[in-house]
Amino acid sequence: MTSALQWVRGALGATVITAASLTGAFAQDAAAPQGEPIKVGVLHSLSGTMAISETTLKDAMLMLIDEQNKKGGLLGRPLEAVVVDPASDWPRFAELSRQLLTQDKVAAVFGAWTSVSRKSALPVFEELNGILFYPVQYEGEESSRNIFYTGAAPNQQAIPAVDYLAQEEGVERWVLAGTDYVYPRTTNRILETYLKDQLGVAQEDILINYTPFGQSDWQSIVSEIKAFGSAGKRTAVVSTINGDANVPFYRELANQGVKAEDIPVVAFSVGEEELAGIDTAPLVGHLAAWNYFMSVDTPENEEFIKSWHAFIGNEDRVTNDPMEAHYIGFNMWIKAVEKAGTTDPDAVIDAMVGVSVPNLSGGYSSMMPNHHITKPVLIGEIQDDGQFETVFETPGLVVAQEWSPYLEGSKDLIADWRKPMSCGNFNVVTGKCGGQGEQAAAQ
């Protein structure tokens, strides 16, 4: 189907996938949609340090839009992708969000990866009343009326991963290693409190380390991890390292002989796409916590992989968790627009709560009043082929906690965007709403 795609350059560097290019090749499948196209923004870094993770999400969105057009489009109209490249430049996410909403007139935007890119764009979406679907695990401590969080909150990834290591691996010492920005710092603040208050871990048994984006020299850091793990207590690394820095990090672990049976690493931002660029043989047994793995054995996942390989024209291309999050979020948006009968943001936002669609791990994910979705939690071991073998799965879907119960400033907050409450940070003790969740998160 990729041969049917015709690329044209739009204003200010936007790439537009035209409606005409998405209709001719599938006329036999459904009546071709007619009329003015509904534009969909795709806001992912195609260059810079985050391109290793985000480029494939752009491709996934093009596939989803292509498939929806084969079904007749949306409200009888064709969908048209408007692709922009923020180039891993966080202020650029805000600039391009404004362009997508004011100039390109998109009905919704799917994009961002890092929390700093999301937080850069968030005020723009609130100011202009746009809709952003954010597909990546994040630190919580936020709930905006204009954002739908289809990635994992900490209780849907980080907390279960720590519980697994403590209960199943007997871990007593903890290295919290992350890239130096808001997601790792906030997640590690939650995890440090959880380890000490809930699991009884002593402060001296917690080592926290941060490195810049694109960190390439890991020799001294891995040496420090090895030394910390030599104290006679079972030690693990909880990694919130993001982007292409993961490649030299794992390479240095192998260089220094750090094996999973000695010091296991559980990663929150390493999936199949990142492993495609690494010699995985020395990493077998290290872990990742996600809500989806390509190796999940369900009919829905089999069909998704088949469609992905047909669209991309390469059977070696992998799938991963944020792709599934876009799959869920996109299908939820389609369903909400059909329910509302319009792409008007206010009507769609109201229609989104309660929407339920199939996920790829089996069952259905639902959009909750806090604008987060229900998700299963999976922990997988890295295999030598770059895939994951699931070693743990929650018995059911987990409801996201947008505000952490382990942090003093947020444990009394909830979000509920249904009317009449319509609040992202309602304090259940004071009975008052603090305004948009972003403002409370910044306190």
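Residues numbered from 1 in each chain as written. Predicted model: local features only at pLDDT ≥ 70, side-chain atom pairs only at ≥ 80, totals over all residues. Heavy atoms only, no water.

Time to look at a nonpolar patch on the surface. Residues Ile 414, Met 421, Val 428 and Val 429 make up a contiguous nonpolar surface patch of roughly 330 Å² in combined accessible area. Position of Ile 414 among the secondary structure elements: in strand 17 (residues 413-416). (Patch = residues over 30% accessible without salt bridge, like charges linked within 9 Å, V, L, I, M, F, W, Y side chains within 5 Å. Areas by Shrake-Rupley, 256 points an atom, 1.4 Å probe, with all protein chains shown as cover. Salt bridge = Lys/Arg side-chain N within 4 Å of Asp/Glu carboxyl O. Helix = DSSP H or I, 4+ residues; strand = E, 2+ residues; numbered from the N terminus.)

A word on the sheet that holds strand 19 (residues 432-433). Strand order in the open sheet formed by three strands is 17-18-19, and the pairing between neighbours is antiparallel. If you trace the sheet from one side to the other, it starts and ends with strand 17 and strand 19, each paired once. As judged from the three bridges shared by strand 17 and strand 18 (residues 423-427), these two strands associate in the antiparallel manner. Residue pairing across strands places Leu 413 opposite Asn 427, the latter belonging to strand 18. (Pairing = 2+ DSSP bridges.)

With that settled, consider empty space enclosed by the protein. Within the structure shown, the criterion is met by two cavities of 30 Å³ or more. Looking at the largest cavity, its volume works out to about 50 Å³. Taken together, Pro 154, Asn 155, Ile 159, Ile 190, Gln 401, Trp 403, Ser 404, Pro 405 and Tyr 406 form the lining of the largest cavity. Along the lines of polarity and charge, the residues of the lining of the largest cavity split into six nonpolar, three polar and no charged. (1 Å grid on protein atoms, 1.4 Å probe; cavity = no way out; pocket = protein on both sides within 12 Å on 5 of 7 lines; lining within 4 Å. Points joined across faces, edges and corners; volume = space filled by probe spheres on them. Nonpolar A, V, L, I, M, F, W, Y, C, P; charged D, E, K, R; others polar.)

Viewed as axis vectors pointing N to C, helix 2 (residues 90-102) and helix 3 (residues 115-128) meet at an angle of 30°, and their least axial separation amounts to 7 Å. As summarised for this structure, helix 2 and helix 3 are arranged roughly parallel, according to the angle between their axes. Helix 3 is crossed by helix 2, and the crossing has right-handed handedness. Between helix 2 and helix 3, the contacting residues are Trp 90, Pro 91, Phe 93, Ala 94, Ser 97, Arg 98, Leu 101 and Thr 102 on the first element and Val 116, Ser 117, Ser 120, Ala 121, Val 124, Phe 125, Glu 127 and Leu 128 on the second. Among the residues forming the contact of helix 2 with helix 3, the class breakdown is 10 nonpolar, four polar and two charged. (Axes fitted to C-alpha atoms, helices over the stretch in contact; angles between N-to-C directions. Parallel < 35°, antiparallel > 145°, perpendicular 65-115°, else oblique. Left-handed = near helix turned anticlockwise from the far one by under 90°. Contact = heavy atoms within 4.5 Å.)

The next point concerns the pairing of strand 4 (residues 79-84). The element strand 4 is largely enclosed, with a buried count of six among its six residues. In strand 4, alternate side chains face the same way, and those of Leu 79, Ala 81 and Val 83 on one face and Glu 80, Val 82 and Val 84 on the other are all buried. Where strand 3 (residues 38-43) meets strand 4, six bridges bridge the pair, whose relative direction is parallel. In the sheet register, Lys 39 faces strand 4, and the bridge partner there is Glu 80. With respect to chirality, the unit in which strand 3 leads through helix 1 (residues 51-70) into the neighbouring parallel strand 4 is right-handed. (Buried < 20%, exposed > 50% of the residue type's maximum accessible area, 1.4 Å probe, protein only. Right-handed = clockwise from strand over helix to strand, strands pointing away.)

This part is about the state of the cysteines. A full pass over the atoms with the stated rule returns one disulfide. Two residues, Cys 423 and Cys 433, share a disulfide whose sulfurs are 2.0 Å apart. Looking down the S-S bond of the Cys 423 and Cys 433 bridge, the torsion is 95°, so its handedness is right-handed. Placement of the pair is Cys 423 in strand 18 and Cys 433 in strand 19, with a sequence separation of 10 residues. (Disulfide = S-S within 2.5 Å.)

The next thing to look at is the sheet that holds strand 12 (residues 287-290). Read across the open sheet, the seven strands follow the order 9-8-10-11-12-15-16; overall the sheet is mixed. Looking along the sheet, the strands with just one partner apiece sit at the ends: strand 9 (206-211) and strand 16 (388-393). Across the sheet, the mean angle separating the axes of adjacent strands is 25° when strand polarity is ignored. Of the pairings in the sheet, the one linking strand 15 (residues 378-382) to strand 16 comprises five bridges and is antiparallel in character. For Leu 378, the partnering residue across the bridge sits in strand 16 and is Glu 393. Its contacts with the sheet place helix 6 (residues 219-228) against strand 8 (173-179), strand 9 and strand 10 (235-240), and it is angled at close to 175° to strand 9.

Let us now look at the confidence of the model for the chain. Per-residue pLDDT for the chain averages 91, and the proportion of residues at 70 or more is 91%. The model gives residues 1-13 a pLDDT under 50, and that stretch makes 32 contacts with residues more than four places away or in other chains. In the model, residues 17-29 has pLDDT below 50 throughout and makes 29 contacts with residues more than four positions away in sequence or in other chains. (pLDDT = per-residue confidence, 0-100.)

In this section: the layout of surface pockets. Empty space left among the atoms is revealed by rolling a probe the size of a water molecule over them. Roughly 220 Å³ of volume is contained in the second largest pocket. Surrounding the second largest pocket, 13 residues form its lining, Glu 67, Lys 71, Phe 304, Tyr 327 and Asn 331 being those nearest its centre. Elements supplying a minimum of two residues to the lining of the second largest pocket: helix 1, helix 9 (299-312) and helix 10 (321-340). By residue class, the composition of the lining of the second largest pocket is six nonpolar, three polar and four charged.

Among the secondary structure elements, Phe 268 is positioned in the loop between strand 11 (265-267) and helix 8 (272-275). Here the alpha-carbon distance between Phe 268 and Gly 257, two residues 11 residues apart in the chain, equals 22 Å. Here Phe 268 is in contact with Gln 137, Gln 157, Ala 158, Ala 161, Tyr 183, Leu 191, Val 238, Ser 239, Thr 240, Ala 289 and Trp 290, once residues within four sequence places are set aside.

A few words on helix 4 (residues 158-168). Note: α-helices contain 3.6 residues per turn, so residues at a spacing of three or four share the same orientation. Of all 11 residues in helix 4, eight are buried; the element is thus mostly enclosed. By the burial criterion, the buried members of helix 4 are Ala 158, Ile 159, Pro 160, Ala 161, Val 162, Asp 163, Tyr 164 and Leu 165. Gly 170 sits one or two positions beyond helix 4 and adopts a positive phi of about 65°.

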